[in-house]
Amino acid sequence: MITPPDRTPLPREFFDRPVLEVAPDLLGRTLVRTTPDGPIAVRLTEVEAYDGPNDPGSHAYRGRTARNDVMFGPPGHVYVYFTYGMWFCMNLVCGPEGRASAVLLRAGEILEGAELARKRRLSARNDKELAKGPARLATALGVDRALDGTDACDLGETPLRVLTGTPVPSDQVLNGPRTGVAGEGGVHPWRFWVANDPTVSPYRAHVPRRRSS
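Residues numbered from 1 in each chain as written. Predicted model: local features only at pLDDT ≥ 70, side-chain atom pairs only at ≥ 80, totals over all residues. Heavy atoms only, no water.

Trainee: Is there a simple way to think about the nonpolar core in this case?
Mentor: A general feature of soluble globular proteins is that nonpolar side chains tend to end up buried together. Among the nonpolar cores identified, the biggest contains 43 residues, and Phe15, Leu26, Leu31, Met90 and Leu105 are the most heavily contacted of them. Counting residues per element, this core draws most heavily on strand 2 (residues 38-50), at five residues. Not counting residues up to four positions away in its chain, the partners in contact with Met90 are Leu31, Val78, Tyr79, Val80, Val103, Leu104, Leu105, Leu137, Leu141, Val143 and Leu160. Grouped together as the second largest cluster of nonpolar side chains are 13 residues, Val70, Cys89, Val93 and Ala100 included. (Core = buried A, V, L, I, M, F, W, Y, C linked by side-chain atoms within 4.5 Å. Buried < 20%, exposed > 50% of the residue type's maximum accessible area, 1.4 Å probe, protein only. Helix = DSSP H or I, 4+ residues; strand = E, 2+ residues; numbered from the N terminus. Contact = heavy atoms within 4.5 Å.)

Trainee: Quick question: what am I supposed to make of the environment of Thr45 here?
Mentor: Here Thr45 is to be found in strand 2. Exposure remark for Thr45: the relative accessible area of 0% places this residue in the buried category. Taking the C-alpha atoms as reference points, Thr45 and Gln172, separated by 127 residues in sequence, lie 11 Å from one another. Every residue in contact with Thr45, bar those within four places of it in the chain, is listed here: Leu27, Ala107, Gly108, Glu109, Phe192, Trp193, Val194, Asp197, Thr199 and Val200. Within the local environment of Thr45, its side chain forms a polar contact with the backbone nitrogen of Gly108, the two atoms lying 3.5 Å apart. (Polar contact = N/O pair within 3.5 Å; in protein donor to acceptor, adjacent residues only side chain to side chain.)

Trainee: Sorry if this is basic, but what is going on with the pattern of salt bridges here?
Mentor: Oppositely charged side chains can pair when the atoms bearing their charge come close. According to the stated counting rule, one finds 14 salt bridges in the structure shown. For Arg106, the salt bridge goes to Glu48, with nearest N and O atoms at 3.9 Å. Taken together, the residues Arg106 in strand 5 (residues 102-112) and Glu48 in strand 2 connect sequence positions 58 residues apart. Judged by relative accessible area, which is 6%, Arg106 ranks as buried. Relative accessible area serves as the criterion here: at 1%, Glu48 is assigned to the buried category. Where Asp55 meets Arg178, a salt bridge forms, and the shortest distance between an N and an O atom there is 2.4 Å. In this pair, Asp55 sits in the loop between strand 2 and strand 3 (78-83) while Arg178 sits in the loop between strand 7 (173-176) and strand 8 (191-194), placing the two residues 123 residues apart along the sequence. A single burial state applies to Asp55 and to Arg178, both of which are buried. One network of salt bridges, with partners in common, ties together Glu46, Glu48, Arg106 and Arg191. (Salt bridge = Lys/Arg side-chain N within 4 Å of Asp/Glu carboxyl O.)

Trainee: Which parts of the structure should I look at to understand the pairing of strand 6 (residues 160-163)?
Mentor: Each regular strand shows side chains that alternate between the opposite faces of the sheet. Both faces of strand 6 are covered, namely the face carrying Leu160 and Val162 and the face carrying Arg161 and Leu163. Inspection of the sheet shows strand 1 (residues 30-35) paired to strand 6 by four bridges, in the antiparallel sense. Following the sheet pairing, Thr30 is matched in strand 6 by Leu163. (Pairing = 2+ DSSP bridges.)

Trainee: How should I be thinking about the environment of Thr164 in this particular structure?
Mentor: Here Thr164 lies in the loop between strand 6 and strand 7. Measuring from C-alpha to C-alpha, the distance between Thr164 and Arg29 comes to 5.4 Å, with 135 residues separating the pair along the chain. Residues in contact with Thr164, not counting those within four places in the same chain, are Pro5, Asp6, Thr8, Leu10, Gly28 and Arg29.

Shown next as structure tokens:
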């Protein structure tokens, strides 16, 4: 059986590069989540790069912990974290092993398995909103901390895999500040997205949360 080029899994070498090279190159790639009920495929349309020790916005800025251990490699693994006490978000680890960096998957277009995603995203007003934002994307795919450390480059059975898809031409890739990131980490123009794509999430500057009295 011959695998179509766009269905070929990305090799580990793809991720074993600097995070600012990997991030825009992920746009247009196909993320496949395999579930007992069937596969869900997403065309990635928005991502955000985090560069470990050089990046105040990174979870690994202050070093290795039990929470961020997966970020230190090997590249091509999935880093999943829990945020705001209610949501999961997923990243793809990149760069050389031992140096933490990862790309947050922020949004995408559901290509396959939309009926499964709808069951998890009942509040979505239409299919364009199913994976519009990092928490929504993870929810639509049924991703939680149980998938932290998954090898997306494993050629055997794996619940998450990234396929070649159709890379986005460079003149259709835009970049700007990160969404909702505070301090110095928020000013880096390391969010990348496909121009004029309706599944891309809106930009929101960080708004400090008030402490309850």
